[in-house]
Amino acid sequence: MSVSAVAADQSVCASLPVLGRDVTVPLVTGGEVTYAALDYAASAPALQRVWDDVAAYAPYYGSVHRGAGYLSQLSTDLFENARRTVAEFLDCRDGDQVVFTRSTTDSLNLLAAALPADCQVFVFETEHHASLLPWRNARVTYLDAPSSPRQAVETLERALADREPYGPALVCVTGASNVTGELWPVRELAAAAHAHGARIVLDAAQLAPHHPVSVADLDVDWVAFSGHKLYAPFGSGVLAGRADWLREADPYLAGGGASRKVARRTDGGVDVEWHDSAARHEAGSPNVIGAYSIASACTALTEAGFDNLVAREQHLIEKVRTGLAEVPEVRILSLFGDDAPRVGVISFVVEGWNSSHFAAALSAEYGIGVRDGLFCAHPLLRTLLGSDPQTQGECGAPEAAPGEKSLNAIRVSFGAGTPDEHVERFVDAVKELVQDGARWNYRTEDGRCVPDTSA
């Protein structure tokens, strides 16, 4: 291999600097170890670039859209430029709106509040609860979990063809599963929706941090995602897409910023003229730092190059899947099969282990942070685990002692800031735990498995 080829390969395999990379945590068995953060699907660590950008802006922070002072004007420019940066990151079409929200959940609830009267919603049971539950005021058709991308499209086409009477309809679908990491056929699902006169919203919470998302190319009507999964802190999110339903709906929140004119009527009431822009659904003082942090993350990921990021992540996925495949007691959960394209999200169960016990041991004895439970995707987990789909459960670990069978799984997730050493340590820890067992005693406390320190 030439020197230039080696350099190129090294650039592809370099992780991005993130906060917390050098944090050490205590082990229950004694000593400390560098923390391996492998719960990116819940919240990814902030990029150092994002933190530096926010720190540089913080002394200039001011209220937006209202002040005549320099800092207010600067903050307003920064806030609106962040909106344009996000629109470019998502490859939005002319006329699309970018609304800043608190999260993916908030974005989809905003869209749910903007649905036309008598709208029908179609959603797969495989969705995260953020996509599954907001549609309480609509007629909802829940679709069974498909076993392949092709079956997903066929299932949606049948459901849309059978709908009566014809009227407004919306399809909600994830871009990448928060449980299996598998990529969904978004472009094909969008084509099926539009062919039957329906619109489609893409939950890109797990897709946008790992792959480029083009509203125009995928031909989706809206896209929603969260900043805290895109390497940006501060609790902010985005809903971007078509303006008409948003413009015609009552404001998501009523208050300052959403209103253009307010006047008293002679009968004592109030007349309000609402904005037609994204401000219509951004009442109150907005999270300027949150919006700026999302824009900074979008810029950082774009500059790093998604080709490089995807290549490096596939390298890590292969490391984890190959390592787990060497442990017969481990079963990786999947809808579409081993060959399905995916992002760095892998869920599994270990024969003979309660998943909460296993995750607790990874943390306490190895300094590795993963997630256990049902991952706010209860119907999907029950399907994957072969349990009764009607059984209720909790997002956290069920009440089950170490060694007892439970309805939950373990999820390891990673991304642009994950060094090779973290996934290698994870694989080695899984093998050691399965072979030798835990080195510490554990007990159930408040529904979670924790090290027993009473002795």
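The structure we're discussing is the one just above.
Residues numbered from 1 in each chain as written. Predicted model: local features only at pLDDT ≥ 70, side-chain atom pairs only at ≥ 80, totals over all residues. Heavy atoms only, no water.

Student: Can you lay out empty space enclosed by the protein for me, pointing to particular residues and giving the numbers?
Tutor: Applying the stated rule across the entire model yields one cavity of 30 Å³ or more. Taken as a whole, the largest cavity holds about 30 Å³ of empty space. If you go around the largest cavity, the residues you meet are Pro 209, Leu 309, Glu 313 and Ala 416. (1 Å grid on protein atoms, 1.4 Å probe; cavity = no way out; pocket = protein on both sides within 12 Å on 5 of 7 lines; lining within 4 Å. Points joined across faces, edges and corners; volume = space filled by probe spheres on them.)

Student: I'd love a proper account of the environment of Asp 436, names of residues and values included.
Tutor: Mapped onto the fold, Asp 436 is located in helix H14 (residues 420-436). Judged by its relative accessible area of 53%, Asp 436 falls in the exposed class. (Helix = DSSP H or I, 4+ residues; strand = E, 2+ residues; numbered from the N terminus. Buried < 20%, exposed > 50% of the residue type's maximum accessible area, 1.4 Å probe, protein only.)

Student: Please provide a residue-by-residue account of the packing of aromatic side chains, values included.
Tutor: Tallied over the entire structure, the rule returns 12 aromatic pairs. Consider the rings of Trp 51 and Phe 234, whose centres lie 5.9 Å apart with planes at 10°: the pair is stacked. Of this pair, Trp 51 sits in helix H2 (residues 48-57) while Phe 234 sits in the loop between strand E9 (222-226) and strand E10 (237-241), placing them 183 residues apart in sequence. Since its relative accessible area comes to 36%, Phe 234 is described here as partly exposed. Ring-pair connections join several aromatic residues into one group, and the members of that group are Phe 348, Trp 353, Phe 358 and Phe 426. In this structure, Arg 439 packs its charged tip against the face of Tyr 366, placed 5.2 Å from the ring centre. (Phe/Tyr/Trp six-rings, centres within 6.5 Å; stacked < 30°, edge-to-face > 60°. Lys NZ or Arg CZ within 6 Å of the ring centre and 35° of its normal.)

Student: Before we move on, can you summarise a nonpolar patch on the surface with the specific residues and values?
Tutor: Together, Tyr 60, Tyr 70 and Leu 71 give the surface a local cluster of nonpolar side chains, amounting to about 340 Å² of exposed area. Tracing the sequence through the fold places Leu 71 in helix H3 (residues 70-89). (Patch = residues over 30% accessible without salt bridge, like charges linked within 9 Å, V, L, I, M, F, W, Y side chains within 5 Å. Areas by Shrake-Rupley, 256 points an atom, 1.4 Å probe, with all protein chains shown as cover. Salt bridge = Lys/Arg side-chain N within 4 Å of Asp/Glu carboxyl O.)

Student: How would you explain unusual backbone geometry if you had to name every residue and give the values?
Tutor: In the Ramachandran plot, Asp 91 falls in the positive-phi region, its phi being about 55° despite a non-glycine side chain. When you line up the elements, Asp 91 lands in the loop between H3 and strand E4 (97-101). Taking the relative accessible area as the measure of exposure, Asp 91 reaches 38% and is therefore partly exposed. Positive phi is not limited to glycine here, since Tyr 231 has a value of about 70°. You can see Tyr 231 is positioned in the loop between E9 and E10.

Student: I'd love a proper account of the layout of surface pockets, names of residues and values included.
Tutor: Considered as a void within the structure, the largest pocket measures approximately 370 Å³ in volume. What lines the largest pocket is a set of 27 residues, and nearest its centre among them are Ala 41, His 128, Asn 178, Lys 229 and Cys 376. Broken down by secondary-structure element, the contributors of at least two residues to the lining of the largest pocket are helix H4 (104-113) and strand E16 (371-373). Broken down by element, the residue count for the lining of the largest pocket peaks at three residues, all from E16. A class-by-class count of the residues in the lining of the largest pocket yields eight nonpolar, 13 polar and six charged. (Nonpolar A, V, L, I, M, F, W, Y, C, P; charged D, E, K, R; others polar.)

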